[in-house]
Amino acid sequence: MTSPKQALAHPASSAEAAPGSQPGAARGAHGHGTPPEDKSPWRSRLYRWDMKASPYVFIAPFFVIFGAFSLIPLLYTAWYSLHDVQLSSLDTQTWAGLDNYQNLLSSDFFWNALKNTFTIGVISTVPQLMAAIGLAHLLNYRLRGSTVWRVVMLTPYATSVAAATLVFTLLYSWDGGMVNWLLDFVGIDPINWRESDWGSQFAVSSIVIWRWTGYNALIYLAAMQAIPADLYESAAIDGANRWQQFIHVTVPQLRPTILFTVVVSTIGATQLFGEPLLFGGVSGSKGGSEHQYQTLGLYMYDQGWIIGNLGKASAIAWSMFLILLIVAAINLLVTRRLRKTQ
């Protein structure tokens, strides 16, 4: 038998402390042992592959969709632009080289569409962005129901192109339109908005202005709210009124945002299609009886789907793409110049 002193001097072993347990279990429970590793080599490799491949798997759907619906059609359009391809016989393709591009450069319709695209873009972009900055400046102050006004500003953007164009077509109608009624009320002769050159371009531009002013206003509003309040306080201490603060504080701080909206609006004007097509009705693809508001998008649609010359339509599409590349290059140069001046 063991005396009490010997029992205190020699603690019970793990086997004695817990009958039926494995030796060393108690030591392991008290942190005096190292448990064996449970990971097998294939699990380690699977874990490493998961850490490396998971990000690519997550972004793969975007690249698959982009390649299927954007990149491949873009390259296929470039291939079509170098061939003589008709919509009625897609299997018959004749190599044409740069003939489609040469025909565009010698076509009066192409230069007319390019001019109309430029004029409609200027008429729609400049008033749109100026009105958007003014509205954003008003919304930037504390107004009652500011959230409601912001939702109202975004409502035209959420309206479909077809619905908006239909309403404006009724407003600009030659017989019974509200615009001509107002002109007659103030003593001005009614205008045939569809047939006149500047009238039709102004009508199409007004649809674009109505749809996109609120969207750009919210972009400017977000940029204005990021301007530090210390700048306005310093300007107020120097005696600047609200108009002077807007000119000398708000506008310089909005330069990158203004440049962004100008570029995006220019891209949208280059691709303008839905508004003039629906505004013209039966002659929408022609841009009017005299092609007075036919844009590059309408000209491409007319050549490809009405006439059936897919090779020339593809050349028009790539011409528009080159114009957008030029716009992007100008944007890059202006951005670098602004960074240097700052």
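Here is what the cut-offs are and how they apply
- Residues numbered from 1 in each chain as written.
- Predicted model: local features only at pLDDT ≥ 70, side-chain atom pairs only at ≥ 80, totals over all residues.
- Heavy atoms only, no water.
- Axes fitted to C-alpha atoms, helices over the stretch in contact; angles between N-to-C directions.
- Helix = DSSP H or I, 4+ residues; strand = E, 2+ residues; numbered from the N terminus.
- Left-handed = near helix turned anticlockwise from the far one by under 90°.
- Salt bridge = Lys/Arg side-chain N within 4 Å of Asp/Glu carboxyl O.
- Buried < 20%, exposed > 50% of the residue type's maximum accessible area, 1.4 Å probe, protein only.
- Polar contact = N/O pair within 3.5 Å; in protein donor to acceptor, adjacent residues only side chain to side chain.
- Contact = heavy atoms within 4.5 Å.
- Pairing = 2+ DSSP bridges.
- Bend = angle between axes of the 7 residues up to and from the residue.
- Core = buried A, V, L, I, M, F, W, Y, C linked by side-chain atoms within 4.5 Å.
- Nonpolar A, V, L, I, M, F, W, Y, C, P; charged D, E, K, R; others polar.
- pLDDT = per-residue confidence, 0-100.
- Patch = residues over 30% accessible without salt bridge, like charges linked within 9 Å, V, L, I, M, F, W, Y side chains within 5 Å.
- Areas by Shrake-Rupley, 256 points an atom, 1.4 Å probe, with all protein chains shown as cover.
- Lys, Arg positive; Asp, Glu negative; His and termini not counted.
- Charge placed at Lys NZ, Arg CZ, Asp CG, Glu CD.
- Phe/Tyr/Trp six-rings, centres within 6.5 Å; stacked < 30°, edge-to-face > 60°.
- Lys NZ or Arg CZ within 6 Å of the ring centre and 35° of its normal.

J.: How would you sum up the packing of helix 6 (residues 108–140) against helix 10 (residues 197–225)? Please name residues and give values.
T.: Packed helices, taken two at a time, are described by the angle their axes make and the gap between the axes. For the pair helix 6 and helix 10, the least separation of the axes is 6 Å and the interaxial angle reads 35°. Crossing of helix 6 over helix 10 shows right-handed handedness.

J.: I'd like to hear about the pattern of salt bridges, residue by residue, with values.
T.: Summed over all chains, the structure comprises two salt bridges. Salt-bridge contacts for Lys-286 lead to Asp-302; the nearest nitrogen and oxygen are separated by 3.1 Å. In this pair, Lys-286 is assigned in the loop between helix 14 (274–280) and helix 15 (296–307) and Asp-302 in helix 15, connecting sequence segments 16 residues apart. Residue Lys-286 is classed as partly exposed on the basis of its relative accessible area of 30%. On the accessibility criterion, Asp-302 (3% relative accessible area) is buried.

J.: For the side chain of Gln-294, give the residues involved together with the corresponding values.
T.: With respect to the helices, strands and loops of the structure, Gln-294 is situated in the loop between helix 14 and helix 15. Taking relative accessible area as the criterion, Gln-294 reaches 1% and is therefore assigned buried. At a separation of 3.1 Å, a polar atom in the side chain of Gln-294 contacts the main-chain carbonyl oxygen of Ser-285. Of note is the side chain of Gln-294, whose polar atom sits 3.2 Å from the side chain of His-291. Filtering out sequence-adjacent residues up to four positions away, Gln-294 remains in contact with Asn-112, Ala-113, Asn-116, Ser-285, Lys-286, Gly-287, Tyr-299 and Asp-302.

J.: Tell me about the pairing of strand 2 (residues 89–95), and name the residues and values.
T.: Across four bridges, strand 1 (residues 83–86) lies against strand 2 in antiparallel orientation. The residue of strand 2 that forms the bridge with Asp-84 is Thr-94. Linking strand 1 to strand 2, which pair antiparallel, is a turn of two residues.

J.: Explain helix 4 (residues 41–81) residue by residue, including any values.
T.: At Gly-67, helix 4 shows its maximal bend, which comes to roughly 45°. Of the residues making up helix 4, those classed as buried are Ser-54, Gly-67, Tyr-80 and Ser-81. Turning to helix 4, the residues buried within the fold contact strand 1, strand 2, helix 5 (99–105) and helix 16 (310–341).

J.: Tell me about the nonpolar core, and name the residues and values.
T.: One recurring pattern in soluble globular proteins is that nonpolar side chains are buried together. Ile-133, Ala-136, Tyr-220 and Met-224 are the most contacted members of the largest nonpolar core, which has 13 residues in total. Breaking this core down by element, the ones donating at least two residues are helix 6 and helix 10. In this structure, Ala-136 is in contact with Ala-217, Tyr-220, Leu-221 and Met-224, ignoring residues within four places of it in sequence.

J.: Explain the packing of helix 6 against helix 13 (residues 255–270) to me, using residue names and the numbers behind them.
T.: It is the contact of helix 6 with helix 13, at a shortest axis distance of 9 Å, that shows an interaxial angle of 145°. At the point where helix 6 passes helix 13, the crossing takes the right-handed sense. Contact residues: helix 6 offers Thr-117, Gly-121, Thr-125, Gln-128, Leu-129 and Ile-133, while helix 13 offers Ile-258, Thr-261, Val-262, Ser-265, Ala-269 and Thr-270. Looking at the contact of helix 6 with helix 13, its residues break down into five nonpolar, seven polar and no charged.

J.: Got a sec to walk through the environment of Asn-112? Specific residues and values, please.
T.: Residue position: Asn-112 is located in helix 6. Residue Asn-112 is classed as partly exposed on the basis of its relative accessible area, which comes to 21%. A polar side-chain atom of Asn-112 sits 2.8 Å from the main-chain carbonyl oxygen of His-291.

J.: How would you sum up the confidence of the model for the protein chain? Please name residues and give values.
T.: Here the protein chain averages 84 in pLDDT, while 88% of its residues score no lower than 70. Between residues 1–33, whose pLDDT stays under 50, and residues either more than four places distant or in other chains, the model counts 10 contacts.

J.: Describe in detail the side chain of Asn-100, supporting the description with residues and values.
T.: Position of Asn-100 relative to the elements: it lies in helix 5. There is a polar contact of 3.0 Å between the side chain of Asn-100 and the backbone oxygen of His-83. If we ignore the near neighbours within four places in the chain, the residues touching Asn-100 are Tyr-80, Ser-81, Leu-82, His-83, Gly-311, Lys-312 and Ala-315.

J.: If you had to explain a nonpolar patch on the surface to someone new, which residues and values would you point to?
T.: Taken together, the side chains of Tyr-56, Val-57, Phe-58, Ile-59, Phe-62, Phe-63, Phe-66, Leu-71, Leu-74 and Leu-75 present a nonpolar region at the surface, about 1,100 Å² in accessible area. With respect to the helices and strands, the residue Phe-62 is situated in helix 4. Phe-62 gets classed as exposed once you look at its relative accessible area, which sits at 53%.

J.: An account of a positive patch on the surface is needed here, citing residue identities and associated values.
T.: Positive charge collects at one region of the surface, where Arg-336, Arg-337, Arg-339 and Lys-340 lie side by side. Along the polypeptide, Arg-337 turns up in helix 16.

J.: Tell me about the packing of aromatic side chains, and name the residues and values.
T.: Counted under the stated rule, the structure contains 17 aromatic pairs. The ring of Phe-279 has Arg-194 lying over it, and the distance from NZ or CZ to the ring centre is 5.9 Å.

J.: Just give me the short version of unusual backbone geometry, but keep the residues and values in it.
T.: As a rule of thumb, non-glycine residues mostly have phi less than zero, and peptide bonds are mostly trans rather than cis. Phi at His-291 is positive, roughly 60°, even though this residue is not glycine. One can find His-291 in the loop between helix 14 and helix 15.

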